[in-house]
Amino acid sequence: MQRILVTGGAGFIGCNFVHYIMEHTGLHVTVLDKLTYAGNLESLSGLPSQRFDFVHGDICDATVVDPLTAAVDAVVHFAAESHNDNSLQEPRPFVDTNLLGTFTLIEAARKHGTRFHHISTDEVYGDLALNDPGRFTEDSVYRPTSPYSATKAGSDMLVRAWVRSFGLKATISNCSNNYGPYQHVEKFIPRQITNILDGMRPRLYGNGRNVRDWIHVEDHSSAVLAILEGGRLGETYLIGADGERSNREVVEKLLALTGQSPEAYDLVGDRPGHDLRYAIDSSKLRRELGWAPRYSDFDAGLAAAVQWYRSNEQWWRPQKAATESKYAGQGH
Ligand code: NAD
Ligand code: DAU
């Protein structure tokens with residue numbers, strides 16, 4: 001494998017993956033990205049031009065996707081509409097990009113015999129009760145609850161059907177909640193960090209007891225590379241780092257890291273259909289591919305994220321006001 005196409009490489013996880021690939025492999029990377037509100041070319045600045053190029057385009061456009069897919073050994077597909085709150089306001093772009101975009105890519109990969117890795121989410125499995133000792137595994141039943149997770153579940157099903165019916169050379173990974181550098185300020189952790197830096201109080205949906213299973217984005221990247229290199233075709237791998245925390249615990253930790261009172265947050269209206277808890281059992285990935293997360297200390301990872309947003313205000317500042325006014329319109 002010498003050349004890969006990374007879709008959505010100007011977004012949060014995609015750009016971190018591209019930086020990881022540049023540092024840890026000799027692969028050539030082409031990024032295909034539509035540069036929606038969530039894409040930012042600054043996140044890819046400074047990459048070596050002999051190993052990297054960028055194509056501005058839409059994954060739903062077969063005339064763009066087809067030649068790019070033919071020219072590489074593998075496609076790693078991150079591009080998506082990714083934010084649940086947006087999917088509740090305006091679902092249509094989620095159907096277009098997550099379903100039709102994935103369809104367009106797998107048709108090209110099937111035609112050219114290109115290896116395909118599909119990036120997906122633990123949200124396809126719905127949620128777990130707060131007092132349920134269980135965790136999601138590769139055998140969990142699909143029970144998506146939001147327009148976002150329903151379209152991601154549909155995209156997984158398309159990939160699975162193309163594997164079975166057409167022999168598509170594909171793998172799928174479903175990962176839990178990521179945090180780290182270059183994450184859009186609409187998402188929970190960057191929103192609360194940048195609120196605190198701006199002298200505003202963090203805002204917790206509902207009672208703040210919902211639980212997410214946090215993983216540092218660099219650990220997601222190392223897992224995807226391990227699957228790309230050693231994963232069995234047709235298989236699904238769950239990616240997680242045993243990072244379960246309630247939203248309230250995360251906010252209290254952020255307040256402590258920034259020298260604020262632990263009660264200096266507000267409870268606001270809940271997200272409709274708000275999933276209670278996600279939890280990943282990643283033992284298949286660890287057993288088969290020897291993968292392990294490097295960021296096992298969540299508090300240290302969170303402190304590093306606070307430092308990144310402190311040091312990179314020029315990156316997030318242009319998005320902050322528009323994001324907050326969108327939330328104000330939703331009562332959040
Ligand atoms: P993001 O919203 O930060 O980035 C998405 C990127 O895709 C942006 O650069 C955007 O411009 C691009 N894009 C959107 N529509 C496009 C289109 N039609 N054509 C080309 N490019 C398009 O998302 P993210 O948080 O980095 O998530 C990346 C992937 O990882 C998604 O598939 C998401 O479902 C999955 N995922 C995310 C998380 C998480 O915690 N953020 C966890 C598990 C899985
Ligand atoms: O589980 C993986 C998923 O994680 C990914 O597939 C999604 O792309 C990604 O956005 C993320 O989805 P969530 O909905 O879990 O993430 P979000 O950052 O939007 O919210 C995390 C939790 O924090 C959730 O319980 C809602 C809550 N929340 C969020 C915001 C923005 C708040 O309490 N306050 C907020 O201001």
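Since the structure is predicted, the reported quantities are computational estimates derived from the model, not experimental observations.

What follows is about the overall build of the chain. Check the secondary structure of the chain and you find 11 helices and 13 strands. A compact globule built from 332 residues would reach a C-alpha radius of gyration of about 20 Å, and the chain, at 19 Å, matches this within 12%. Overall, the C-alpha framework of the chain stretches about 55 × 45 × 40 Å when taken along its three principal axes. Each of the 332 residues in the chain was classed as buried or not, and the buried ones make up 57%. Summarising the internal contacts of the chain: among those between residues at least 6 apart in sequence, 81% fall at separations of at least 24. Summed over all atoms, the accessible surface of the chain reaches about 13400 Å², with 50% contributed by carbon and sulfur.

Another aspect to go through is helix H4 (residues 92-112). An α-helical turn contains 3.6 residues, so any two residues separated by three or four positions project in the same direction. With 21 residues, H4 extends 29 Å between its outermost C-alpha atoms, agreeing within 8% with the 30 Å of an ideal straight helix rising 1.5 Å per residue. Listing the buried residues of H4 in full gives Phe 94, Thr 97, Asn 98, Gly 101, Thr 102, Thr 104, Leu 105, Ile 106, Ala 108 and Ala 109. On its buried face, H4 is in contact with strand E1 (3-7), helix H2 (62-70), strand E4 (74-77), helix H3 (84-89), strand E5 (115-121) and helix H5 (147-166). Positive phi shows up at Gly 113, right after H4, with a value of about 65°.

Moving on, we come to the packing of aromatic side chains. Summed over the entire model, instances satisfying the criterion amount to 13 aromatic pairs. Centre to centre, the rings of Phe 103 and Trp 162 are 6.0 Å apart; their planes meet at 90°, and the pair counts as edge-to-face. Placement of the pair is Phe 103 in helix H4 and Trp 162 in helix H5, with a sequence separation of 59 residues. Measuring from centroid to centroid gives 6.3 Å for Phe 188 and Trp 214, while their planes differ by 25°, and the two rings are stacked. Here the residue Phe 188 occupies a position in helix H6 (residues 188-197), and Trp 214 occupies one in the loop between strand E9 (211-213) and strand E10 (215-216), the gap between them amounting to 26 residues. Exposure class is identical for Phe 188 and Trp 214. Each is buried. Here a set of aromatic residues connected by ring pairs shows up, and it is made of Tyr 179, Phe 188, Trp 214 and Phe 298.

Here is what the cut-offs are and how they apply
- Residues numbered from 1 in each chain as written.
- Chains lettered and ligands numbered in written order.
- Predicted model: local features only at pLDDT ≥ 70, side-chain atom pairs only at ≥ 80, totals over all residues.
- Heavy atoms only, no water.
- Helix = DSSP H or I, 4+ residues; strand = E, 2+ residues; numbered from the N terminus.
- Rg over C-alpha atoms; globule rule 2.2 N^0.38 Å.
- Buried < 20%, exposed > 50% of the residue type's maximum accessible area, 1.4 Å probe, protein only.
- Contact = heavy atoms within 4.5 Å.
- Areas by Shrake-Rupley, 256 points an atom, 1.4 Å probe, with all protein chains shown as cover.
- Expected span 1.5 Å × (residues − 1).
- Phe/Tyr/Trp six-rings, centres within 6.5 Å; stacked < 30°, edge-to-face > 60°.

Geometric descriptors of this kind do not, in isolation, establish any biological role.
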